[in-house]
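Reading the structure
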Amino acid sequence: MALATATTSRDSLIVVANRLPVHRVRGGSVGEWETSPGGLVTALYPLLRERGGWWVGWSGSAGGDARVFEHEGISLRPVPLSRGELEHFYEGFSNETLWPLYHDALRTAQFHRDWWRTYVEINSRFAEAVCSLAAPGSAVWVHDYHLQLVPGMLRSSRPDLRIGFFLHIPFPPIELFGRLPWRREILEGLLGADVVGFQTRLMAQNFLRAARAYTRARGAGSVLHFGGRSLRVLPFPISIDVDEFGRIAAEPGTLARAAGLRRRIGENRKIILGVDRLDYTKGIDVRLRAFEEVLRRGDLTTRGACMVQVAVPSRGGVDEYAAMRRLVEQTVGHINGEYGEPGRVAVHYLHRNLSRDDLIVYYRAADVMMVTPLRDGMNLVAKEYVASRPDETGVLVLSEFAGAASELRQAVGVNPFDVDGMAGALVRACSMPEREQRHRMRAMRRRVRAYDLYAWAESFLGVLAEDPPG
Ligand code: ADQ
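Reading the values: the criteria
Residues numbered from 1 in each chain as written. Predicted model: local features only at pLDDT ≥ 70, side-chain atom pairs only at ≥ 80, totals over all residues. Heavy atoms only, no water. Domains from an automatic or database assignment. Buried area = accessible area lost by both parts, 1.4 Å probe. Salt bridge = Lys/Arg side-chain N within 4 Å of Asp/Glu carboxyl O. Pairing = 2+ DSSP bridges. Helix = DSSP H or I, 4+ residues; strand = E, 2+ residues; numbered from the N terminus. Axes fitted to C-alpha atoms, helices over the stretch in contact; angles between N-to-C directions. Contact = heavy atoms within 4.5 Å. Near = heavy atom within 4 Å. Polar contact = N/O pair within 3.5 Å; in protein donor to acceptor, adjacent residues only side chain to side chain. Areas by Shrake-Rupley, 256 points an atom, 1.4 Å probe, with all protein chains shown as cover. Core = buried A, V, L, I, M, F, W, Y, C linked by side-chain atoms within 4.5 Å. Buried < 20%, exposed > 50% of the residue type's maximum accessible area, 1.4 Å probe, protein only. Expected span 1.5 Å × (residues − 1). Parallel < 35°, antiparallel > 145°, perpendicular 65-115°, else oblique. Left-handed = near helix turned anticlockwise from the far one by under 90°. Nonpolar A, V, L, I, M, F, W, Y, C, P; charged D, E, K, R; others polar.

1. What about the domain arrangement of the chain?
Taken domain by domain, the chain comprises domain 1 (13-238 + 455-465) and domain 2 (242-450). Using only C-alpha atoms to locate each centre, domain 1 and domain 2 end up separated by 31 Å. Between domain 1 and domain 2 the total buried area reaches about 1,700 Å² when both faces are included, carbon and sulfur atoms providing 60% of it. Summed over the three residues of domain 1 that lose the most area to domain 2, namely W99, L106 and R107, the buried surface amounts to 35% of that side. The interface formed by domain 1 and domain 2 holds 2 salt bridges in total.

Put into C-alpha cells, the structure is as follows:
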C-alpha cells in the first residue's frame, strides 16, 4: 500500500534551485559527478528518493546540455546557461542587484535593464524545464532569490501543480524593496506560489506589506488573496542536521584533533573563531576591528587570546567581493603587524574551504564563536557551533541582524555596527564563567534540537500539501 501511494503524482516532488546538488569530479572522466555538501541536499535527498523526485538546476559550468541523468537515485535535469547569461543573470541581476538590495543595501544595488531581461529569460527556462517533466498535481519547491519569477510562470502554464517557494536570504523592508524598478513583477512572480516561506516572521511581514502595497494582493495575517486564489506566507527558519554535527563533535578523533589544535595555538589562550563565506554581509571586517580595539585597550592580549578566521572563497568574479577580500587581508596583516610576536600571531587567517569534519574540530576548539553579519537570512554557522558543543561550554556572540538571533536568544547579542559594543561583548564572552556558559548553551542546544533541518523540510512540505486557505 505504502509503495503504491508513494508513486502517485501527488506525492512526487520537484526541487528547483539555481544549482544542481552535484558537481563534476575534479580530474574525473567526463560525466562523473559527486554530491555537493550542503544543508539543502542533506535534507531533500532522502525525501526525493522516497517520493520519486527531480532536481532542476544549473550544473555549475557554462554551456553544457539539458540531458537528464540519475545520481544516487535522484533524477537531475540540468538547465544550461551560457557565459554571457551567467554574467547577466547570476553575477549581475542575482548578485549585484538583488543580493545587496535584499541585504539592507549594504552595497549599492545596480539596476540594469539588460540584466533584468536575462533574469526573466532564465527564469522562464527553469519554468519550462519543470513543466516538461512534472506529472499532473506534482509538488514543486522553488528555492531562493535567483528564481523568484518561476512560481508565477508555473502558475500560468501549469495550474495543476502545488507550488512552494522558500527565500534563503532576507526579504527587505518596503522602503528598500520599493527601489527595485521591477518590484511588481518580482512580487507577482512570488504570488504564483501556494506557500511562500521566509527565514523569520519579520521577513514574511516585509513581503506581506510589499505585496499589498505594489500588487492587487489583499488579505490579513498570513493569508493573501491574489488572482482569484489564496496563498500562505509563513516563516520556516532553516536549520542543520543537528544529530550529525553532534555525533561528529563527540567522536574521540574530533576531540583529539581539537586538543591538538589548542596545543598548537597555546593551551591558555582563548580561541575566538569566525567561519564565513567571504561576503561583505558577514561582518568579517567589523569583527576584526572589534578584536583590534580590545587589543589596543589592553583588555585582552595576544598571550591570552587569539582569533582564528576561516573564510571560504566566494563570488571572486564580483568586484565588491574582491575588494572585501583585500580589506580583510589588509586588516589581518595590520593587526598581526601591531600585536603579533614571533611564534604568536594575533589572528590566524585561513582562506579556504574546510571539510565538515575539519570545521567541527574548529568549533570544538573555540572558546568563543563570533557570528557578526551586518544582515543575514539565517546563518547556519551559529547553529553548527551550538550543535557541536555537547559539553555545553563555549560562548556564541551573535549579531542581532542574523535571522538566527530570533531563535538563539541566549547568545551574547551584538550590534555589528557598534565597534565599542562588539569589543565589550568580546571581553565579556572571553571571561564568562563556566556556569553561565552552560546555562546559555543548554537552552540554545534545546532549541536547535527541537527544530532541525528535517523538521524544517517536513513542516514546509506539510503546509504545501494542505488545501489552499479559504
Ligand atoms: P550563506 O550565506 O552561504 O547561506 P550560512 O548560513 O552561514 O550562509 O551557511 C554557510 C555554510 O557554509 C555553513 O554550512 C558553513 O559551515 C559553511 N562554511 C562556511 N565557511 C566554511 C569553510 N571555510 N569551509 C567549509 N564550509 C564553510 C544562505 C543565506 C543564509 C542562510 C543559508 C541557508 O545567506 O542566511 O542561513 O543560505 O538558508
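2. A word on the sheet that holds strand 16 (residues 395-399)
Strand order in the open sheet formed by 6 strands is 14-13-12-15-16-17, with parallel pairing between adjacent strands. Two strands lie at the open edges of the sheet, namely strand 14 (347-351) and strand 17 (412-414), each paired on one side alone. Neighbour to neighbour, the strand axes of the sheet diverge by 20° on average, direction disregarded. As defined by bridge partners, strand 16 adjoins strand 17 across 3 bridges and the pair is classed as parallel. Note on strand 17: the bridge partner recorded for V397 is V412. Of the strands in this sheet, strand 12 (270-277), strand 13 (305-312), strand 14 and strand 15 (368-371) touch helix 13 (residues 356-365), which is tilted by about 145° from strand 12.

3. Quick look at the site of the ligand
Of all residues adjacent to the ligand, which total 22 residues, the nearest are H168, L354, D376, M378 and E384. Between the ligand and M378 there is a distance of 2.8 Å, counted from an oxygen atom to a backbone nitrogen or oxygen. The protein chains hide 83% of the 720 Å² of surface that the ligand would expose on its own. Elements that contribute at least two residues to the shell around the ligand include exactly strand 12, strand 13, helix 13 and helix 14 (380-387). Two domains each donate at least three residues to the shell around the ligand, and these are domain 1 (13-238 + 455-465) and domain 2 (242-450).

4. Focus on the nonpolar core
Of all hydrophobic cores here, the largest spans 94 residues; its most connected members are F171, I186, F207 and I272. Every residue in contact with F171, bar those within four places of it in the chain, is listed here: Y102, F177, L187, L190, F198, M203, N206, F207 and A210. Counting residues in each nonpolar core, the second largest holds 71 residues, with L48, F236, A365 and L396 among its members.

5. Side note on helix 12 (residues 319-339)
Over its 21 residues, helix 12 extends 30 Å from the first C-alpha to the last, a length consistent with the 30 Å expected when each residue adds 1.5 Å. Buried residues along helix 12 sit in contact with helix 3 (83-102), helix 11 (284-297) and strand 14.

6. With respect to the sheet that holds strand 9 (residues 195-198)
Strands sit in the order 5-6-4-1-7-8-9-11-10 across an open sheet of 9 strands; the sheet is mixed. In the strand order of this sheet, the two ends are held by strand 5 (69-71) and strand 10 (223-226), each with one partner. Mean inter-strand twist for the sheet, computed between neighbouring axes without regard to direction, equals 25°. As defined by bridge partners, strand 7 (residues 139-143) adjoins strand 8 (residues 162-166) across 5 bridges and the pair is classed as parallel. Each bridged residue has a counterpart across the sheet, and for V142 the counterpart in strand 8 is F165. Set on the sheet, helix 7 (residues 183-191) makes contact with strand 8, strand 9, strand 10 and strand 11 (229-235); between it and strand 10 the angle comes to about 110°.

7. Comments concerning the packing of helix 14 against helix 16 (residues 434-450)
For any two helices packed against each other, the geometry is given by the interaxial angle and the distance between the axes. Look at helix 14 against helix 16: their axes get within 9 Å of each other, and the N-to-C directions meet at 115°. Regarding the angle of helix 14 to helix 16, the classification is roughly perpendicular. Relative to helix 16, helix 14 is oriented so that their crossing is left-handed. In this structure, helix 14 uses K383, Y385, V386 and A387 to contact helix 16, whose residues at the interface are M441, M444, R445 and V448. Residues that form the contact of helix 14 with helix 16 fall into these classes: 6 nonpolar, no polar and 2 charged.

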